[in-house]
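Next come the chains, spelled out residue by residue.
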Amino acid sequence: MSIQIFGLPISRGVAIGRAVLIASSRVDVDHYFVSTEQVDHEIGRLRAARDAVADEILALKNDLPAEAPAELAALLDVHLMLLHDETLSDATKLWIEQRHYNAEWALSAQLEVLARQFDEMEDDYLRERKADIEQVVERLLRQMTAAAGKGGPAAANTLAGARDFGGADPLVLVASDVAPADMLHFKRSVFTGFVTDVGGRTSHTAIVARSMDIPAVVGAREASRLIRQDDWIVIDGDAGVVIVDPSPIVLEEYRFRQRQSELERARLDRLRHTPAVTLDGVAVELLANIELPGDAPAALEAGAVGVGLFRSEFLFLNRGGDLPGEDEQYEAYRDAVLAMRGLPVTIRTVDVGADKPLERMSAQELRHEHGLNPALGLRAIRWSLAEPGMFRQQLRAILRASAHGKVRILIPMVAHLGEVRQVFEAVARARAQLDESGHAYSRVEVGAMIEVPAAAVMIERFLRDFDFVSVGTNDLIQYTLAIDRADEAVSHLYDPWHPAVLGLLHRTIAATQATGKSVCVCGEMAGDTAFTELLLAMGLRSFSMHPARVAAVKQRLLRADTRLLVPRVRDALDSDDPAQAWAARKGA
Ligand code: PEP
Ligand code: MG
């Protein structure tokens, strides 16, 4: 029976496909298709892992000390039995044969099916056996990873080529939660849409999803419980609705809408190289937000005239807490700079913490579990200043990249004037160290992200030192309204139209322009066409957004006339309901 699940729309368009349920703990499992010729090899890997795990369990059992409780041996017997159970082995084989999933993916897909069956069991004893099957699968996955390290599966453990496999149905990802770091696994992946139970509109998971430019819904609460492995689902990324098992009529309607949005995309694509100038001749700079150097070509392709925000922290995630060294960072920044072919690249210093914890920040996560809020804790520049060696290392790497093109440094989350002093001291030291070691670098401007209300209120004082500013509206809204941006429970209160937010934004833009310095907006508001005209009217001339949003924003501003817009700003800012006041302007 068809059901509808409601969540938050975070990335537009319609996706229709089969659900692939992935447990949060399983997202780092590789997902790729194998060719028909590789199917037997993949099944062989599965069999080899099963035999190795069986040996491992038997060895454990043999080594049990005489005084070990009898239950332990019985438990190992249960694991051996589960290992050979056909609901695990035969069904996993079918995922490989029929869907061409790689062995690890097939195994985790089958685990999801079995876990659900266990959850639905009446009998407590049987229900608790779910943990056993999870442990067995865990062993198998670990075994396969170890074996892949020794010689590897026939197919490279990447998603490359996955799209080339023509036989499979389109797939959509369904998970309870996906950490921002794990979202990177899904960039350029086989999935054509995704749904999560948790998350807010501007959570970093949502932001990475949006950069993938596939329809997505987050905060869909019960989705991963209500949707079953392999169900056909429709993701309506415009409305934030997921339809499970749609009727033929509904499906036909969505297929129509899918074709419409493809046409719309093709139309927008044609604007790629059109200069971004309003009807009254005002030139606007449209920049791209990127997470990794590999995103730079997409930025160029979209017609962005530079990178306004390179979220460098994504280089720090997914590495077990290990930090990238200076040379590794330098190479990444240099690659981004070279890929942008002479266009400017603004590199934000690492912004970990809050919803992007480093693996080694487990103590902080623990604080989170105890009710402390990491969004107000040691994140962004606070963490960098607490790790001065790491910070200078990053600054040196960024400065060295400036030898290859125009680079700017952007500091996240500044709130205190003391932080400004420390930042400039660190930059000066990093420069001095490079002079000593003989590394080349060019002139690099240093800017501040305005994302804490204190910084917006005191913008003039921050501008005494910083060369430019960039408004991080995602955090500015979070901190102005005291709404955790990653929490779907309060997402209805996360309001970019709030008069306090617009007031701070307007103040920041006006005060910066009065000094002749440049101001950009790099939060999600910059890529949301609902705000294009208002931001233009406030005087903004530099917008930074996901590459996928550049064309739509450009289309909007090509039709805008600032002479008509500017006189309306005051009304909107003074209104108790700016959204309504700004919309009414159209009829005026
Ligand atoms: C912001 O806060 O608006 C911003 C651009 O930074 P991030 O989303 O990475 O916190
Ligand atoms: Mg931010």
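See the structure shown above.
These lines cover the structure that appears in this document, whether it is placed above or below. Just so you know, these numbers come straight off a predicted model, no measurement behind them.

Cut-offs used in this document
Residues numbered from 1 in each chain as written. Chains lettered and ligands numbered in written order. Predicted model: local features only at pLDDT ≥ 70, side-chain atom pairs only at ≥ 80, totals over all residues. Heavy atoms only, no water. Helix = DSSP H or I, 4+ residues; strand = E, 2+ residues; numbered from the N terminus. Buried < 20%, exposed > 50% of the residue type's maximum accessible area, 1.4 Å probe, protein only. Contact = heavy atoms within 4.5 Å. Polar contact = N/O pair within 3.5 Å; in protein donor to acceptor, adjacent residues only side chain to side chain. Donors = N, O, S within 2.8 Å, 3.2 Å for Na, K, Ca; no water. Salt bridge = Lys/Arg side-chain N within 4 Å of Asp/Glu carboxyl O. Phe/Tyr/Trp six-rings, centres within 6.5 Å; stacked < 30°, edge-to-face > 60°. Lys NZ or Arg CZ within 6 Å of the ring centre and 35° of its normal. Axes fitted to C-alpha atoms, helices over the stretch in contact; angles between N-to-C directions. Parallel < 35°, antiparallel > 145°, perpendicular 65-115°, else oblique. Left-handed = near helix turned anticlockwise from the far one by under 90°. Near = heavy atom within 4 Å. Areas by Shrake-Rupley, 256 points an atom, 1.4 Å probe, with all protein chains shown as cover. Nonpolar A, V, L, I, M, F, W, Y, C, P; charged D, E, K, R; others polar. Pairing = 2+ DSSP bridges. Right-handed = clockwise from strand over helix to strand, strands pointing away.

What to know about the environment of R272
If you trace the backbone, R272 turns up in the loop between α10 (248–269) and β9 (285–290). Owing to a relative accessible area of 25%, R272 belongs among the partly exposed residues under this scheme. Spatially, the C-alpha atoms of R272 and L300 are 9.4 Å apart, while their sequence positions differ by 28 residues. Among all residues touching R272, those that are not within four sequence positions of it are E301, A302, G303 and K554. At 3.3 Å, the side chain of R272 forms a polar contact with the backbone oxygen of E301.

Overview of the coordination of the magnesium ion (ligand 2)
For the magnesium ion (ligand 2), the full set of protein donor atoms is E451 (OE) and D475 (OD), and the range of their distances to it is 2.0 to 2.2 Å. With E451 in the loop between β13 (445–450) and α17 (453–457) and D475 in helix α19 (residues 473–481), this pair connects stretches of sequence that are 24 residues apart. With respect to class, E451 is no different from D475; both count as buried.

So, the pattern of salt bridges
For the coordinates displayed, the defined rule picks out 39 salt bridges. A salt bridge links R272 to E301; its shortest N-O distance comes to 3.5 Å. Residue R272 is located in the loop between α10 and β9, and its partner E301 is located in helix α11 (residues 296–301); the two are separated by 29 residues in the primary sequence. Judged by relative accessible area, which is 49%, E301 ranks as partly exposed. We note a salt bridge from D475 to R379, for which the minimum N-O separation is 3.1 Å.

Thoughts on the packing of aromatic side chains
Counting across every chain of the model gives eight aromatic pairs. Centre to centre, the rings of Y101 and W105 are 3.8 Å apart; their planes meet at 5°, and the pair counts as stacked. For Y101, a relative accessible area of 2% puts it in the buried group. The ring of Y330 is capped by R400, whose NZ or CZ atom sits 4.3 Å from the centre of that ring. Of note, R408 hangs over the ring of F468, and the distance from its end group to the ring centre comes to 3.7 Å.

Describing the packing of α19 against helix α20 (residues 499–514)
At a minimum axis distance of 10 Å, the contact between α19 and α20 shows a crossing angle of 130°. Accordingly, the angle class assigned to the pair α19 and α20 is oblique. Relative to α20, the crossing made by α19 is right-handed. Taking contact as the criterion, the partners of T473, L476, I477, T480 and L481 in α19 are, on α20, A500, V501, L504 and L505.

What about the site of ligand 1?
Lining the immediate environment of ligand 1, one finds 17 residues, of which H204, R311, R348, N474 and R485 sit closest. Separating an oxygen atom of ligand 1 from a side-chain N or O atom of R311 is a distance of 2.7 Å. One of the backbone N or O atoms of N474 is found 2.7 Å from an oxygen atom in ligand 1. When ligand 1 is considered free in solution it has 290 Å² of accessible area, and contact with the protein chains removes 100% of it. Tallying contributions element by element places α19 first for the shell around ligand 1, with three residues. Looking at the shell around ligand 1 residue by residue, the class counts come to four nonpolar, five polar and eight charged.

So, unusual backbone geometry
Backbone geometry places D213, a non-glycine residue, at a positive phi of 60°. Structurally, D213 is set in the loop between α8 (204–212) and β6 (216–218). For A380, which is not glycine, the phi dihedral falls at a positive 50°. On the secondary structure map, A380 appears in helix α14 (residues 380–386).

Quick word on the pairing of strand β12 (residues 407–411)
Counting buried positions along β12 yields five of five residues, so the element is predominantly enclosed. Side chains V407, I409 and I411 of β12 all project onto a buried face; the interleaved residues R408 and L410 project onto the opposite face, where all are buried too. Inspection of the sheet shows strand β11 (residues 345–348) paired to β12 by four bridges, in the parallel sense. Across the sheet, V345 pairs through a bridge with V407, a residue of β12. In terms of strand pairing, β12 meets β13 through four bridges, oriented parallel. Residue pairing for β13: I409 is matched across the bridge by V446. In this region the chain leaves β12, passes through helix α16 (residues 417–437) and returns to the parallel neighbour β13; the handedness of that crossover is right-handed.

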